[in-house]
Amino acid sequence: MNITRISAAGAVAASTVVLLAGPAFAHVGVQPVGAAEKGGYATVNVKVPNERDNASTTKLEVSFPTDHPLSSVMPQPVPGWTVKVEKTKLDKPLKVHGKEITEAVSKVTWTGGKIAPGQFQQFPLSLGQLPEDADQLVLKAIQTYDNKEVVRWIEEPKEGEEEPKSPAPVLKLTEPSGEDHHGAGAKGADDEKDGKAEAASHDEKADKSDKSENAADSSDTTARTLGVIGIIVGVAGVAFGVLAGRRRAS
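Residues numbered from 1 in each chain as written. Predicted model: local features only at pLDDT ≥ 70, side-chain atom pairs only at ≥ 80, totals over all residues. Heavy atoms only, no water.

Colleague: Help me out: how do you make sense of the environment of Val150 in this one?
Modeller: One can find Val150 in strand β10 (residues 150–153). With a relative accessible area of 41%, Val150 lands in the partly exposed category. Separated by 93 residues in the primary sequence, Val150 and Thr57 have C-alpha atoms spaced 9.5 Å apart. Those residues in contact with Val150 that lie beyond four places of it in its chain are Ile142, Gln143 and Thr144. (Helix = DSSP H or I, 4+ residues; strand = E, 2+ residues; numbered from the N terminus. Buried < 20%, exposed > 50% of the residue type's maximum accessible area, 1.4 Å probe, protein only. Contact = heavy atoms within 4.5 Å.)

The following block contains the structure:
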């Protein structure tokens, strides 16, 4: 009797945990692959789980914010799915790398595939240039099932408040690390330092080489001088010996 009650209580507790944990993890989300830095570019995965036991997801629409438009949104092909990218005219053109951008991507739609019950699918995107004056991007999503059910993940989560029932995917943006944004300048400075060091090393080697050559020339000249002196001394010695021999003979 006690064992039965304990088992029943355990089953209720377990089901309660599943019910509480399910909504927190089963919604459409966006996850960066690496860093998503302000002012930079990033690759992200839109993760779409199937929440139904009797239907498959057959369509996904992701909308991009108009207050922080992105000049570049490129989807990676996903086998079995057809992707469509829609753009909209900007009220205020963007300046990206010195070029004026008059339109931005407003929506990306995937169709033709199927996410079966108990499965999920990731849809990779390359995004940029990310805004410098925002801490996050809210990407509203609409998920459609083959039984015509539509789930709108469009409620923006608010900091300090409970998560809404149908939260929109949120991409958190981090502060620039300096490697991508100022890396070129740092590299140029390093290259300049390396060039100066190499030039100094070359000059030092050349100076040593000149000194070495001068030393070799000096040694060679000294050797030649000593050789000539030796020859002169030798000739003088021979002449003195000949003269001395003649005197003795006389």
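Colleague: How should the sheet that holds β10 be read in this particular structure?
Modeller: Taken in spatial order, the five strands line up as β5-β6-β3-β9-β10 in an open sheet, and their pairing is antiparallel. Across the chains shown, the open sheet's two edge strands, defined by having one partner strand only, are β5 (82–96) and β10. Within this sheet the neighbouring strands show an average axis-to-axis angle of 15°, counted without direction. Inspection of the sheet shows strand β3 (residues 57–63) paired to strand β9 (residues 140–145) by six bridges, in the antiparallel sense. Note on β9: the bridge partner recorded for Lys59 is Thr144. (Pairing = 2+ DSSP bridges. Axes fitted to C-alpha atoms, helices over the stretch in contact; angles between N-to-C directions.)

Colleague: When you look at the side chain of Glu61 in this model, what are you seeing that I'm missing?
Modeller: Structurally, the position occupied by Glu61 is in strand β3. There is a polar contact of 3.4 Å between the side chain of Glu61 and the side chain of Lys107. Contacts of Glu61, omitting those with residues within four sequence positions, involve Lys107, Val108, Thr109, Lys140, Ala141 and Ile142. (Polar contact = N/O pair within 3.5 Å; in protein donor to acceptor, adjacent residues only side chain to side chain.)

Colleague: Any chance you could explain the nonpolar core here in plain terms?
Modeller: One broad rule of soluble globular proteins: the nonpolar side chains tend to lie buried together. Phe64, Phe123 and Leu127 are the most contacted members of the largest nonpolar core, which totals 31 residues. Looking at this core, the elements with two or more residues in it are β2 (42–49), β3, β6 (99–115), β7 (120–128), β9 and β10. Ignoring sequence-local partners within four residues, the contact set of Leu127 consists of Gly40, Tyr41, Ala42, Val44, Phe64, Leu70, Ser72, Val73 and Leu171. (Core = buried A, V, L, I, M, F, W, Y, C linked by side-chain atoms within 4.5 Å.)

Bear in mind that shape data such as this cannot, by itself, settle questions of function.
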